[in-house]
Amino acid sequence: MDLGIKGRVALVTGATRGIGLAIARALAAEGARVAVAARTQADVEKVGGELGGAGIAADLTTEAGCAQAVAETRDRLGPIAILVNNLGLRAGSSWDDTGAAELEQAMAGNLIPAARLSQAVLPEMEQARWGRIVVVSSLFGREAGGAPAYNAAKAAENSLVTSLGRAVAARGVTVNAVAPGSILFEGGSWWRRRRDDPTAIEQFVNRELPLGRFGTPEEVAAVVAFLCSAPAALINAAVVAVDGGQGRSII
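This is a predicted model, so every value here is computed, not measured.

A.B. asks: When you look at the environment of Ala225 in this model, what are you seeing that I'm missing?
C.D. replies: Inspection of the secondary structure puts Ala225 in helix α10 (residues 217-227). Between the C-alpha atom of Ala225 and that of Gly215, which follows or precedes it by 10 residues, the distance is 16 Å. Setting aside chain neighbours within four positions, we find Ala225 in contact with Leu3, Ala26 and Leu27.

A.B. asks: Can you walk me through the environment of Asp196 in this structure?
C.D. replies: The residue Asp196 is located in helix α8 (residues 189-196) in this model. By relative accessible area, Asp196 is classed as exposed at 55%. Within polar-contact distance, the side chain of Asp196 engages the side chain of Arg195 at 3.0 Å.

A.B. asks: Help me out: how do you make sense of unusual backbone geometry in this one?
C.D. replies: A negative phi angle is the norm for most residues apart from glycine, just as the trans form is the norm for most peptide bonds. Positive phi is not limited to glycine here, since Arg129 has a value of about 60°. Its place among the elements puts Arg129 in the loop between α5 (111-128) and β5 (131-136). One non-glycine residue with positive phi stands out, namely Ala237, at about 60°. Residue placement: Ala237 occurs in the loop between α10 and β7 (239-242).

A.B. asks: What should I look at first to understand the layout of surface pockets in this one?
C.D. replies: To find leftover empty space, a probe the size of one water molecule is rolled over the atoms. For the largest pocket, the calculated volume is near 1200 Å³. Every residue lining the largest pocket is counted, 46 residues in all, and those nearest its centre are Gly88, Arg90, Tyr150, Phe185 and Ser189. Among the secondary structure elements, those contributing two or more residues to the lining of the largest pocket are α1 (18-29), β2 (33-38), α6 (139-142), α7 (148-168), α8 and α9 (198-208). For the lining of the largest pocket, the element with the most residues is α8, which contributes 4 residues. Considered class by class, the residues forming the lining of the largest pocket number 17 nonpolar, 18 polar and 11 charged.

A.B. asks: Looking at this model, I keep getting lost on the sheet that holds β5. Mind explaining?
C.D. replies: Strand pairing in a sheet relies on backbone hydrogen bonds, with the paired strands running either antiparallel or parallel. The 7 strands lie next to each other as β3-β2-β1-β4-β5-β6-β7, forming an open sheet whose pairing is parallel. Looking at which strands have only one partner, the edges of the open sheet turn out to be β3 (54-57) and β7. Each adjacent strand pair in this sheet contributes to an overall mean axis angle of 20°, direction not counted. As judged from the 6 bridges shared by β5 and strand β6 (residues 173-180), these two strands associate in the parallel manner.

A.B. asks: What should I look at first to understand the environment of Gly49 in this one?
C.D. replies: Counting through the fold element by element, Gly49 comes out in helix α2 (residues 41-51). Distance from Gly49 to Ala38, taken between C-alpha atoms, is 14 Å for residues 11 residues apart in sequence.

About the cut-offs
Residues numbered from 1 in each chain as written. Predicted model: local features only at pLDDT ≥ 70, side-chain atom pairs only at ≥ 80, totals over all residues. Heavy atoms only, no water. Helix = DSSP H or I, 4+ residues; strand = E, 2+ residues; numbered from the N terminus. Contact = heavy atoms within 4.5 Å. Buried < 20%, exposed > 50% of the residue type's maximum accessible area, 1.4 Å probe, protein only. Polar contact = N/O pair within 3.5 Å; in protein donor to acceptor, adjacent residues only side chain to side chain. 1 Å grid on protein atoms, 1.4 Å probe; cavity = no way out; pocket = protein on both sides within 12 Å on 5 of 7 lines; lining within 4 Å. Points joined across faces, edges and corners; volume = space filled by probe spheres on them. Nonpolar A, V, L, I, M, F, W, Y, C, P; charged D, E, K, R; others polar. Pairing = 2+ DSSP bridges. Axes fitted to C-alpha atoms, helices over the stretch in contact; angles between N-to-C directions.

If you want it as structure tokens, here you go:
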């Protein structure tokens, strides 16, 4: 299938490892011109070079960092047609260590950058009458579970997607989210947990993952790439589960 995004400019945040890196590679493989944004200069330069695009070192938890990422992408590659908000930060692990500060940190590392970046790129998408915005949410944005602050921030991202998607659809822009389940990649949280306690993780897989295995970043990236495509024009304001049936939500 031709996704119809060859030559379009894409900005992917948090794209130097794991799901974000897989998304950037998937979009580049379809011919998109990809800018990757993250904090570490060496990492973004490496990935940007690999993809033949641009690497932008910026702190996306700040207003200035978001503005920098958008401006540099435009300057180096052109008007942004695709935005993938993959940045995601955790704060606290349970209600025992979660209070207002952790809730604020989680919102600042998830919802706020997604909102800022989306609003920043909308004018050029609306002018072109074509745009795709995708937010990488989580299984625990669709249902309760996980760290409370992260859960709240991801649920807020899903609300943003539904509201914004309905507001801009008539202008040629779609806004969607993917909600991955447990994804395994080297250096990631599940990789570390399996290394430290393989028996417990084997039990978790048997108990919680209907496919009997973890998901991969590439499987999430394939869904994101489709949501960014021309054929996906009817999918809007949706939160798409990419979890192999791990979730228990019926909506």
